[in-house]
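Listed here are the chains, written in short residue letters.
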Amino acid sequence: NAGVTQTPKFQVLKTGQSMTLQCAQDMNHEYMSWYRQDPGMGLRLIHYSVGAGITDQGEVPNGYNVSRSTTEDFPLRLLSAAPSQTSVYFCASSYTGINEKLFFGSGTQLSVL
Amino acid sequence: GQQVMQIPQYQHVQEGEDFTTYCNSSTTLSNIQWYKQRPGGHPVFLIQLVKSGEVKKQKRLTFQFGEAKKNSSLHITATQTTDVGTYFCAGPHTGTASKLTFGTGTRLQVTL
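All values derive from a computational prediction rather than experimental measurement.

(A) A look at the state of the cysteines. As enumerated under the stated definition, the model contains two disulfides over all chains in all. Residue pairing for C23 of chain A: its cysteine sulfur links by disulfide to C91 of chain A, the two sulfurs lying 1.9 Å apart. Its torsion about the S-S bond being -70 degrees, the disulfide of C23 of chain A and C91 of chain A is classed as left-handed. Here the residue C23 of chain A occupies a position in strand β3 (residues 19–25), and C91 of chain A occupies one in strand β9 (residues 87–94), the gap between them amounting to 68 residues. Given the relative accessible area of 2%, C23 of chain A is considered buried. C91 of chain A sits in the buried class, given a relative accessible area of 0%. Linked covalently through their sulfurs, C23 of chain B and C89 of chain B form a disulfide whose S-S length is 2.0 Å. Residues C23 of chain B and C89 of chain B share a disulfide whose torsion about the S-S bond is about 80 degrees; that sign makes it right-handed. Of the two residues, C23 of chain B sits in strand β3 (residues 19–25) while C89 of chain B sits in strand β9 (residues 85–92), which places them 66 residues apart along the sequence. Look at C23 of chain B and you get buried, because its relative accessible area is 1%.

Cut-off values and rules
Residues numbered from 1 in each chain as written. Chains lettered and ligands numbered in written order. Predicted model: local features only at pLDDT ≥ 70, side-chain atom pairs only at ≥ 80, totals over all residues. Heavy atoms only, no water. Disulfide = S-S within 2.5 Å. Helix = DSSP H or I, 4+ residues; strand = E, 2+ residues; numbered from the N terminus. Buried < 20%, exposed > 50% of the residue type's maximum accessible area, 1.4 Å probe, protein only.

Structure below.
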């Protein structure tokens with residue numbers, strides 16, 4: 001099993017550009033989520049999904065869209081990148097939800113100029 | 001909104017010294033999880049505590065969940081350089097079953 005795979009590992013965008021961060025897991029996990037990590041602020045939840053076709057907002061959803069068309073994939077879309085979205089993004093998944101351990105991907109470091 | 005704070009933010013110890021990080025929630029938690037993130041890495045699950053007053057040990061690491069289920073601690077005995085990293089606690093967001101709120105983290109540096 002590859003676990004949780006995130007691509008790309010690094011990305012530089014210009015303000016206003018759009019892009020999609022990919023996340024895939026091969027563990028048949030129902031729950032998937034996206035976090036951003038900024039210095040001194042821990043991990044903040046952007047969006048999450050409890051199963052294919054179901055998504056919901058986390059703490060900091062503005063500027064981001066998600067979809068969950070399959071159990072395996074949970075892409076995160078930046079609609080119009082802003083410098084405030086410069087961060088490290090982590091995708092995480094678990095079998096059924098937050099009351100069991102999360103498996104994290106290796107992260108995407110995003111810079112918006 | 002719900003807040004999960006950790007103290008200290010940063011601690012620098014010499015190898016062999018003990019280390020403790022504290023996690024405090026503004027609301028009662030049904031359970032609490034602990035994660036470790038090595039520099040440049042991703043968070044890795046360490047343990048989950050569920051019961052009030054629960055204590056669990058993993059080798060040199062001791063985890064406690066407070067009686068009121070609003071605080072928790074992680075104690076490392078005789079730190080080693082392999083303990084370097086940031087330790088996060090995390091608990092379910094109040095009022096939802098699907099949002100996990102992470103603490104602000106404690107960064108541990110260990111030198112010889």
